[in-house]
Amino acid sequence: MQRASNGLGSHNAKRKRSAAGLARVDRATPIRRPRGKAAKQQRQQVGNVPITHPERVIDPGSGLTKLDIARYYERIAPVLLPHLEDRPVSLVRLPEGLGGEQFFQKHMDKDRIPEVKLLDPQLDPGHLPLILIESTTALVGAAQMGAIELHTWNAIAGSIERPDRIIFDLDPDPALPWARVLEAAELTKTLLDELGVKSFAKTSGGRGLHIVVPLRRLHDWDTAKAFSQAVSAHLAATIPTLFSAKMGPQNRVGKVFVDYLRNNRGSTTVSAFSLRARPGLPVSVPVSWNELVEIKQSDHWNLRNIHERLADQTEDPWCEYEKSRQSLRKAIALLEKSRQKGKG
């Protein structure tokens, strides 16, 4: 079924719920596994969801199990679910763990996950229905199905042709020092500031950073992609020693690729507070621009230490996100003016 737009008021409310959830997420206690017969019985159920093979080791390096992942998604639900609300989600599934086969699932033919919602197939013609995950039970159910990562569209289901954000994925050469990634993020923010565009940051949980631009639902997909591509090209032309606007490892040796391709219709980016299918099971975490310099790497937080982040955090670093929704019209005009001037 196709859902109607929730409207800005609803999204403001969900951001408040997310902030309130920071105080509730377990304050979040570290993983402590019960032992003995009671442990075996307890491991069979997380919330309302039976977990099969709960002892299966998903990350051999840390020893984290399928049960640990299910419990993580149960605990993190208050702050994660607002980022998924009414937004098509794709699953990265690794049923056998990090050493096994990986599946990227955008569609589903029936309710294979408890409380999952299937959208109108016409939202993505020619495919099975897209997926909505909007409850703790559905989150845990996804973990039971072997899902580790949750990726979301840049539009809500109720307004699928009008993206409500742009994402710049700063993807560095693996050999590049973290300080250069931070420099690239600050320079990208500076350009966006000069264009009058408000932006927010989050760790990717991998090597790079995500810069997120909240939008009013005024533009189509082509406009959003064209703007993000123009920003990427401008950075690469202005500071070619640091930035690349071309994908491929050969084009980012010693550089940061400003990936604008996340802004195509149907493209997805890992959600805030999603785990990553990488050693240590890192977490993608929203951060404020001021605290970014204190972060040592993009996989700074993981399943084992995310509770420390939430326990120490007194305010949602994205608390101004909903108030910052904006049009790109002036920014597009400024970029075009700069491009024409450069030609001259």
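Now for a description of the structure that goes with this document. Only a predicted model underlies this, so the values are computations on that prediction, with no experimental measurement involved. (Residues numbered from 1 in each chain as written. Predicted model: local features only at pLDDT ≥ 70, side-chain atom pairs only at ≥ 80, totals over all residues. Heavy atoms only, no water.)

## Remarks on the layout of surface pockets
Next up, step 1: Considering only enclosed or pocket space, the largest pocket measures out at about 310 Å³ in volume.
Next up, step 2: Around the largest pocket, the lining comprises 20 residues; the ones closest to its centre are D169, H210, R262, R276 and R278.
Next up, step 3: At the level of elements, β9 (147-152), β10 (165-172) and β15 (269-270) are the ones that each hand at least two residues to the lining of the largest pocket.
Next up, step 4: Ranked by residue count, the leading element in the lining of the largest pocket is β10, at three residues.
Next up, step 5: Residue composition of the lining of the largest pocket, by class: five nonpolar, eight polar and seven charged.
Next up, step 6: Its boundaries defined by the atoms lining it, the second largest pocket holds a volume of some 250 Å³.
Next up, step 7: Lining the second largest pocket, in full, are T223, A226, F227, A230, A233, H234, A237, I332, L335, E336, S338 and R339.
Next up, step 8: Breaking the lining of the second largest pocket down by element, the ones donating at least two residues are α6 (221-238) and α8 (329-343).
Next up, step 9: For the lining of the second largest pocket, the leading source of residues is α6, giving seven residues. (1 Å grid on protein atoms, 1.4 Å probe; cavity = no way out; pocket = protein on both sides within 12 Å on 5 of 7 lines; lining within 4 Å. Points joined across faces, edges and corners; volume = space filled by probe spheres on them. Helix = DSSP H or I, 4+ residues; strand = E, 2+ residues; numbered from the N terminus. Nonpolar A, V, L, I, M, F, W, Y, C, P; charged D, E, K, R; others polar.)

## Focus on the sheet that holds β10
Next up, step 1: Pairing is mixed across the open sheet formed by six strands, whose spatial order is β13-β14-β10-β12-β11-β16. At either margin of the open sheet sits one strand with a lone partner, and together these are β13 (243-244) and β16 (286-287).
Next up, step 2: Both strand β11 (residues 200-203) and strand β12 (residues 209-214) contribute to a ladder of four bridges, which runs antiparallel. Residue pairing for β12: K202 is matched across the bridge by H210.
Next up, step 3: Together, β10, β12, β13 and β14 (256-259) form the strand contacts of helix α5 (residues 178-194), whose direction differs from that of β12 by roughly 15°.
Next up, step 4: Where α6 meets the sheet, it contacts β10, β13 and β14, and its direction lies at approximately 35° from that of β10. (Pairing = 2+ DSSP bridges. Contact = heavy atoms within 4.5 Å. Axes fitted to C-alpha atoms, helices over the stretch in contact; angles between N-to-C directions.)

## Some words on the pairing of β10
Next up, step 1: Burial runs high along β10: seven of the eight residues are buried.
Next up, step 2: In this structure, β10 lies alongside β12, joined through six bridges in antiparallel fashion. Paired with R165 across the strands is P214, a residue of β12.
Next up, step 3: As defined by bridge partners, β10 adjoins β14 across four bridges and the pair is classed as antiparallel. Bridging across to β14, P172 finds its partner in V256. (Buried < 20%, exposed > 50% of the residue type's maximum accessible area, 1.4 Å probe, protein only.)

## Here we look at the nonpolar core
Here is a general trend for soluble globular proteins: nonpolar side chains tend to be buried in one another's company.
Next up, step 1: Counting residues in each nonpolar core, the largest one holds 78 residues, and the members touching the most others are Y73, I133 and F227.
Next up, step 2: Examining the composition of this core, we find that eleven residues originate from one element, helix α3 (residues 66-84), more than from any other.
Next up, step 3: Among all residues touching Y73, those that are not within four sequence positions of it are L80, L139, A143, A147, I148, E149, L150, F273, S274 and L275.
Next up, step 4: One finds L130, L132, A155 and I160 within the second-largest nonpolar core, a separate group that totals nine residues. (Core = buried A, V, L, I, M, F, W, Y, C linked by side-chain atoms within 4.5 Å.)

## Quick word on the side chain of N154
Next up, step 1: Structurally, N154 is set in the loop between β9 and β10.
Next up, step 2: Assessed through its relative accessible area of 1%, N154 is described here as buried.
Next up, step 3: Among the polar contacts made by the side chain of N154, one reaches the main-chain carbonyl oxygen of R262 at a distance of 3.2 Å.
Next up, step 4: A polar side-chain atom of N154 sits 3.1 Å from a polar atom in the side chain of N263.
Next up, step 5: Those residues in contact with N154, other than ones at most four positions away along the chain, are R87, P163, D164, R165, I167, W221, R262, N263 and S267. (Polar contact = N/O pair within 3.5 Å; in protein donor to acceptor, adjacent residues only side chain to side chain.)

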